[in-house]
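# A closer look at the structure
Spelled out from the first residue to the last, the chains are:
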Amino acid sequence: MATAHRKLRVLCLHSWRTSGDIFKAQFQRSKLDVALDDLLELVFLTAPHAASGPIPDDVAGAFQGPYFEWFTTEKAQHGEEFIFTYHNMLESEAFIISAIRELGPFDGICGFSQGGAMASALVALQHAGLALPDVPLFTFALFFGSVLTNHLRYQQAFKDRVQVPSCHIIGHKDYVKEHSIALARSFEGPIVIIHSKGHVIPALANQHLAVLRAFLVSMQESTAALDSSGTQERQQQQMSTSLDPLDPPRPEWEAGQGRPRVPQQRASATSNSSQQQQDPVQHIVQPVSKVPSKL
């Protein structure tokens, strides 16, 4: 008889100009909250910065505000080639770090779009020994249509591939697809699931859902082994830090701004092998080095 393991606690970071409540609603609309309820306890965090510009049409037409962002992104309203300006990103990093200490511990972290940029940066920093030395290591990361940041703050953390299990869910029609592939290539041995839609939280089924569940079950088993041992040797090896995680360096435009307080947020528990030649995007790629440069 299989041993029952506890649910994995996962910190979830929403996309550009949405919110934690909207991210939760996106999980519910895709029915992933039900499909993964036996495996995950999802904790949705809202960014500390109000949206600094127009709300994307697909968001404003489907979800009520208020709307927030982790950092600024220009020219992204209609899927144009956009520019990351990164205003407020370091303030958001400090905010998330405070939230991790207040609401954690967490087993994994999940991000959608620019929330994935924040999530991947924090995982990379922690596993490089540059932040969060005093909390348990994130043991895995889950990304939906996410992007890789090139902010100077995080270049050292991404110097080598991040040695953290990761699953990257990427839309074939997503305008950030190439950014998502670049993020996947920055992790060692990533699992990549490519679906046929765009920049969305997709409803996964059949082979795609089976692969995602297998990944999470594996993480659950690994976490159970850590729980039973009562130790995290890798964390002890990475206690040294050359950057102060409570006070990351700030660019000139953020000088003098106070760090936002972490709001009181409660954990929200959400709760065929044949080839498909007619649909070339219905496939899973592992490792990502096998993903062609153009899909």
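Before any of the text, the structure's been laid out above.
Residues numbered from 1 in each chain as written. Predicted model: local features only at pLDDT ≥ 70, side-chain atom pairs only at ≥ 80, totals over all residues. Heavy atoms only, no water.

## Observations regarding the overall build of the protein chain
Along the protein chain, the regular secondary structure elements total 8 helices and 11 strands. Expressed as a percentage of the 295 residues in the protein chain, the buried residues total 52%. On the protein chain, roughly 13,700 Å² of surface is accessible, and the fraction owed to carbon and sulfur atoms is 51%. (Helix = DSSP H or I, 4+ residues; strand = E, 2+ residues; numbered from the N terminus. Buried < 20%, exposed > 50% of the residue type's maximum accessible area, 1.4 Å probe, protein only. Areas by Shrake-Rupley, 256 points an atom, 1.4 Å probe, with all protein chains shown as cover.)

## Points about the side chain of Arg17
Along the polypeptide, Arg17 turns up in the loop between β1 (8–13) and α1 (20–30). Overall, the relative accessible area of 5% leaves Arg17 in the buried class. At a separation of 3.0 Å, a polar atom in the side chain of Arg17 contacts the side chain of Ser52. A polar contact of 3.0 Å, which involves the side chain of Arg17, links it to the backbone oxygen of Pro54. Ignoring sequence-local partners within four residues, the contact set of Arg17 consists of Ala51, Ser52, Gly53, Pro54, Ile55, Pro56, Val59, Tyr67, Phe68, Glu69 and Thr73. (Polar contact = N/O pair within 3.5 Å; in protein donor to acceptor, adjacent residues only side chain to side chain. Contact = heavy atoms within 4.5 Å.)

## Observations regarding the environment of Leu209
Checked against the element boundaries, Leu209 lands in helix α7 (residues 206–229). Judged by its relative accessible area of 18%, Leu209 falls in the buried class. Considering only alpha carbons, one finds Leu209 and Leu36, 173 residues apart in sequence, at a separation of 9.3 Å. Residues in contact with Leu209, not counting those within four places in the same chain, are Leu32, Ala35, Leu36 and Leu204.

## Some words on the packing of aromatic side chains
Counting across every chain of the model gives 8 aromatic pairs. Ring geometry for Phe23 against Phe44: centres 5.5 Å apart, planes inclined by 80°, an arrangement best described as edge-to-face. Of the two residues, Phe23 sits in helix α1 while Phe44 sits in strand β2 (residues 40–45), which places them 21 residues apart along the sequence. You'll find Phe23 and Phe44 in the same group, each marked buried. Relative to Phe144, the ring of Phe27 lies with its centre 5.7 Å away and its plane at 80°, an arrangement referred to as edge-to-face. Remark: Phe144 occurs in strand β8 (residues 140–144) and Phe27 occurs in helix α1; sequence separation between them is 117 residues. Phe144 gets classed as buried once you look at its relative accessible area, which sits at 0%. (Phe/Tyr/Trp six-rings, centres within 6.5 Å; stacked < 30°, edge-to-face > 60°.)

## Some points on helix α6 (residues 177–185)
Of the residues making up α6, those classed as buried are Lys177, Ser180, Ile181, Leu183 and Ala184. For α6, the angular spread of buried residues about the axis comes to 160°, placing them on one side. Lining the buried residues of α6 we find α5 (114–127), β8, β9 (166–171) and β10 (191–195). (Arc of directions from axis to C-beta.)

## Thoughts on the nonpolar core
Note on soluble globular proteins: their nonpolar side chains tend to be buried together. Residues Leu11, Leu13, Leu45, Trp70, Ile96 and Ile109 are the most contacted members of the largest nonpolar core, which totals 42 residues. Those elements giving two or more residues to this core turn out to be β1, β2, α4 (89–103), α5 and β8. Val10, Cys110, Ile169 and Ile193 belong to the second-largest nonpolar core, a separate cluster that totals 27 residues. (Core = buried A, V, L, I, M, F, W, Y, C linked by side-chain atoms within 4.5 Å.)

## Focus: the pattern of salt bridges
If you walk through the whole model with that rule in mind, you get 7 salt bridges. Across the pair Arg6 and Asp107 runs a salt bridge whose closest N-O atoms are separated by 2.8 Å. Taken together, the residues Arg6 in the segment before β1 and Asp107 in the loop between α4 and β7 (108–112) connect sequence positions 101 residues apart. Classification of Arg6 as partly exposed rests on a relative accessible area of 39%. Among the residues examined, Asp107 registers a relative accessible area of 10% and is labelled buried. (Salt bridge = Lys/Arg side-chain N within 4 Å of Asp/Glu carboxyl O.)

## Examining the pairing of β1
Burial runs high along β1: 6 of the 6 residues are buried. Burial along β1 is two-sided: the residues Leu8, Val10 and Cys12 and Arg9, Leu11 and Leu13 are all buried. Here β1 pairs with β2 via 6 bridges, running parallel. By the bridge assignment, Val10 is partnered in β2 with Leu42. (Pairing = 2+ DSSP bridges.)

## Some details on unusual backbone geometry
A negative phi angle characterises most non-glycine residues, just as the trans form characterises most peptide bonds. A cis amide bond links Gly65 with the next residue in sequence, Pro66, at an omega value of 5°. With an omega of 10°, the peptide bond running from Gly104 to Pro105 counts as cis. Relative to the helices and strands, Pro105 resides in the loop between α4 and β7. Phi is positive for Lys31, close to 65°, though the residue is something other than glycine. Mapped onto the elements, Lys31 comes out in the loop between α1 and α2 (32–35). Classification of Lys31 by relative accessible area gives exposed; the value is 57%. Positive phi values are uncommon outside glycine, yet Leu132 reaches one of about 50°. Assignment of secondary structure puts Leu132 in the loop between α5 and β8.

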